[in-house]
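One-letter residues, chain by chain:
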Amino acid sequence: MEALTLDERHHRADRASVVAAELSARDIVAVAITWIDTSGIARVKAVPIQRFSHAAAWGVGASPVFDAFLVDDSILTDHFAGGPVGDLRLYPDLDRVTVLAALPGWAWAPGDRYTQNGTPHPRDPRLLLRRLVDEVRAEGWQVRTAIEFEWSVSRADPHNPDRFEPATTGPAYGMARVSELAGYLGDLVTALRDSEVTVEQIHPEYERGQFELSVAAGDPVYAADTAVLVREVIRAVGPAHGVRAAFGSMPAADAVGNGGHVHLSLWRHGVNQMYGGTGPFGLTAAGEGFAAGILDHLPALLALGCPTVASYLRLRPRSWAGAFRCWGLENREAALRYVTGSEGERERAANVEVKAFDAAANPYLALAGLLAAGRSGLRTGAVLPEPVAEDPGRMDEPTRSARGIDPLPTTLAAAVTAFESDDELRAAFGAELVDTIAGVRRGEIALFADAGPEQITAASRWRY
């Protein structure tokens, strides 16, 4: 990506003036411009609608120090990103400006961070993902993806705001939960619709107070943006109903945790490569290579998709979290689940689901890693191992070893080590971003070095 030119800035200003006029006509007074930091937390700079055109052309100041923020807002001051010197410019994406139906008077846009010279910031996850999407497209491929949303709903307690108390008492997946929170869920679906999000499914999940929501698949940058938008809409709807949404990997130490499952399909010339071929269960050679690349790099990818110390309290066998590096047809205990869809729509619906990732992940980093890994499998013609048609957690260790079924990293430290040594991801991300991600992850490890599960979950449940 090249530096922004003066002509481009003028064009952005003209476009933004039109957008601002349309927003003003809808009584919008300010635009929240968000970016997701290395820890996975949404940060924001907002501008009044009268300044939106200037912000679109010249950006909004934002310190690079946010790259070195930890989950508790402490800063890695010994890291080159963690000092007080320097500045960036945050530019709203004019194609994704969205009225926030749940926050009257507000609109939202995801932001890209550039240097003051107008060149892309090398540690900006959204720009990284956009670059990888363009590179994959230049090789003749398109990837469609969507992120599932799991969150835990707690009764809001003004006297003890950090306490988590499940807001529903109904059984797992039970209609009783919908009945108890019908107003909240109805307002949520309405707010998402009015915020231009296509909801495909919403239902109670397994854990107490837990729900899941699925949205339509799209381009990876669009999908990551949608993940940010959906989370903020969910967060905004709660207060009117006396509830609060927890997106942390583990809302409570004894919970099964909140997943952030990623669905991906590979396309070429409008044809889904995840079905209609001669490979396992109908995968094409390209679809198999893409899936195999993800499976091969999955230990390193956990540093992106399971980015917190709390993530490894969730990533346990026999909890449908995908704790073993294997794949299988509709196997929800495999880290990579192959999904065909119903007979008659498989050409459209077939995809792979990454089960191991959780709700604390920065969606731009997570999808960038998956694209880089899948592309490597495409380029090398990688093949998948034998599929697993049973729960790998119920196998004994010799059986798993004989079948090449490895446990995924069980700590954040192990995942970071795998990430740093992964040449494919290092080449795609660049040494500067890899170093920053690893530094922030190790900073969180140090932060919780002496903490037990209860302390870890309490410190992280409300942060994402």
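Computed from a predicted model, the values in this text were never measured in an experiment. (Residues numbered from 1 in each chain as written. Predicted model: local features only at pLDDT ≥ 70, side-chain atom pairs only at ≥ 80, totals over all residues. Heavy atoms only, no water.)

**Here's the deal with the UniProt feature "domain: GS beta-grasp" (unreviewed entry) in the protein**
The residues that UniProt annotates with the feature "domain: GS beta-grasp" (unreviewed entry) are residues 26–118. The span residues 26–118 carries 8% helix and 37% strand; its end-to-end C-alpha distance comes to 32 Å. (UniProt positions renumbered as here; feature names shortened; annotations may be inferred. Helix = DSSP H or I, 4+ residues; strand = E, 2+ residues; numbered from the N terminus.)

**Details of the state of the cysteines**
A covalent bond between the sulfur atoms of two cysteines is referred to as a disulfide. Applying the stated criterion across every chain yields a total of zero disulfides. Counting only cysteine sulfurs, C326 is the nearest neighbor of C306, a cysteine outside any disulfide, at a range of 15 Å. Among the residues examined, C306 registers a relative accessible area of 0% and is labelled buried. Its relative accessible area of 4% is what places C326 among the buried residues. (Disulfide = S-S within 2.5 Å. Buried < 20%, exposed > 50% of the residue type's maximum accessible area, 1.4 Å probe, protein only.)

**Some points on the packing of aromatic side chains**
For the structure on display, the rule yields nine aromatic pairs. In this structure an aromatic cluster arises from ring pairing among W35, F66 and F69. In this structure, R96 is placed above the aromatic ring of Y222, and the distance from its NZ or CZ to the ring centre is 4.0 Å. In this structure, R268 packs its charged tip against the face of W141, placed 4.3 Å from the ring centre. (Phe/Tyr/Trp six-rings, centres within 6.5 Å; stacked < 30°, edge-to-face > 60°. Lys NZ or Arg CZ within 6 Å of the ring centre and 35° of its normal.)

**What about the UniProt feature "domain: GS catalytic" (unreviewed entry) in the protein?**
In the numbering adopted here, UniProt assigns the feature "domain: GS catalytic" (unreviewed entry) to residues 125–464. Secondary structure content for residues 125–464 is 42% helix and 16% strand, while the C-alpha to C-alpha distance between its ends is 17 Å.

**Some details on the pairing of strand β2 (residues 42–48)**
Every other side chain in a regular strand lies on the same face of the sheet, so the side chains alternate between the two faces. When strand β1 (residues 30–36) meets β2, the two strands line up antiparallel, connected through seven bridges. Residue I36 lies in a different strand from β2, and its bridge partner there is A42. Connecting β1 to the next strand, β2, in antiparallel fashion are five residues, including G40 with a positive phi near 100°. (Pairing = 2+ DSSP bridges.)

**Focus on the nonpolar core**
Within soluble globular proteins, side chains that are nonpolar tend to cluster in buried spots. Ranked by internal contacts, the top residues of the largest apolar core, which has 110 residues, are W151 and F429. Mapped onto the domain boundaries, this core takes at least three residues apiece from domain 1 (6–121) and domain 2 (132–461). Excluding anything up to four places from it in sequence, F429 contacts L128, L304, L365, A368, G369, F419, V434 and I437. Formed by 24 residues, the second largest nonpolar core is a distinct cluster that contains I28, W35, A56 and A62. (Core = buried A, V, L, I, M, F, W, Y, C linked by side-chain atoms within 4.5 Å. Domains from an automatic or database assignment. Contact = heavy atoms within 4.5 Å.)

**What to know about helix α16 (residues 453–460)**
Among the residues making up α16, those that are buried are I456, T457 and S460. Buried residues of α16 fall within an arc of 90° about the axis and therefore sit on the same side. Against the buried residues of α16 lie α9 (311–314). (Arc of directions from axis to C-beta.)

**A short note on the domain arrangement of the protein**
Partitioning the protein into domains gives domain 1 (6–121) and domain 2 (132–461). Taking only C-alpha atoms, the centre of domain 1 and the centre of domain 2 are 26 Å apart. If you look at the interface, domain 1 gives 25 residues, while domain 2 gives 29 residues. Here domain 1 packs against domain 2, burying approximately 2200 Å² in sum over the two surfaces, 66% of which is carbon and sulfur. The interface formed by domain 1 and domain 2 includes one salt bridge. Linking R96 and D225 is a salt bridge whose minimum nitrogen-to-oxygen distance equals 4.0 Å. At the surface where domain 1 touches domain 2, the tally comes to eight residue pairs in polar contact (both at pLDDT 80 or more). Looking at the side of domain 1 that touches domain 2, the elements with two or more residues in it are β1, β5 (98–99) and β6 (106–115). (Buried area = accessible area lost by both parts, 1.4 Å probe. Salt bridge = Lys/Arg side-chain N within 4 Å of Asp/Glu carboxyl O. Polar contact = N/O pair within 3.5 Å; in protein donor to acceptor, adjacent residues only side chain to side chain.)

**Some words on helix α5 (residues 182–194)**
Here α5 contains 13 residues, and its C-alpha end-to-end distance of 18 Å stays within 8% of the 18 Å for a straight helix at 1.5 Å per residue. Those residues of α5 lying buried are Y184, L185, L188, A191 and L192. Viewed end-on, α5 has its buried residues packed into an arc of 130°, placing them on one side of the element. Packed against the buried residues of α5 are β8 (149–155), α4 (175–180), β9 (199–204), β10 (210–215), α6 (220–237) and β11 (243–246). Two residues or fewer past α5, E196 is found with a positive phi of approximately 70°. (Expected span 1.5 Å × (residues − 1).)

**Focus: the side chain of S39**
Tracing the chain through its elements places S39 in the loop between β1 and β2. In terms of polar contacts, S39 uses its side chain to reach the backbone carbonyl oxygen of F69, at 2.8 Å.

**Remarks on the packing of α6 against helix α11 (residues 363–380)**
The geometry of a pair of packed helices is captured by two quantities: the angle between their axes and the separation between those axes. Running from N to C, α6 and α11 point in directions that differ by 155°, and their axes come no closer than 9 Å. Between α6 and α11, the angle falls in the class roughly antiparallel. Once α6 is placed against α11, the crossing between them reads as right-handed. Note on element contacts: α11 touches α6 through P363, Y364, L367 and L371, opposite P220, V221, A223, A224, D225, A227 and V228. Grouping the amino acids of the contact of α6 with α11 by side-chain chemistry returns 10 nonpolar, no polar and one charged. (Axes fitted to C-alpha atoms, helices over the stretch in contact; angles between N-to-C directions. Parallel < 35°, antiparallel > 145°, perpendicular 65-115°, else oblique. Left-handed = near helix turned anticlockwise from the far one by under 90°. Nonpolar A, V, L, I, M, F, W, Y, C, P; charged D, E, K, R; others polar.)

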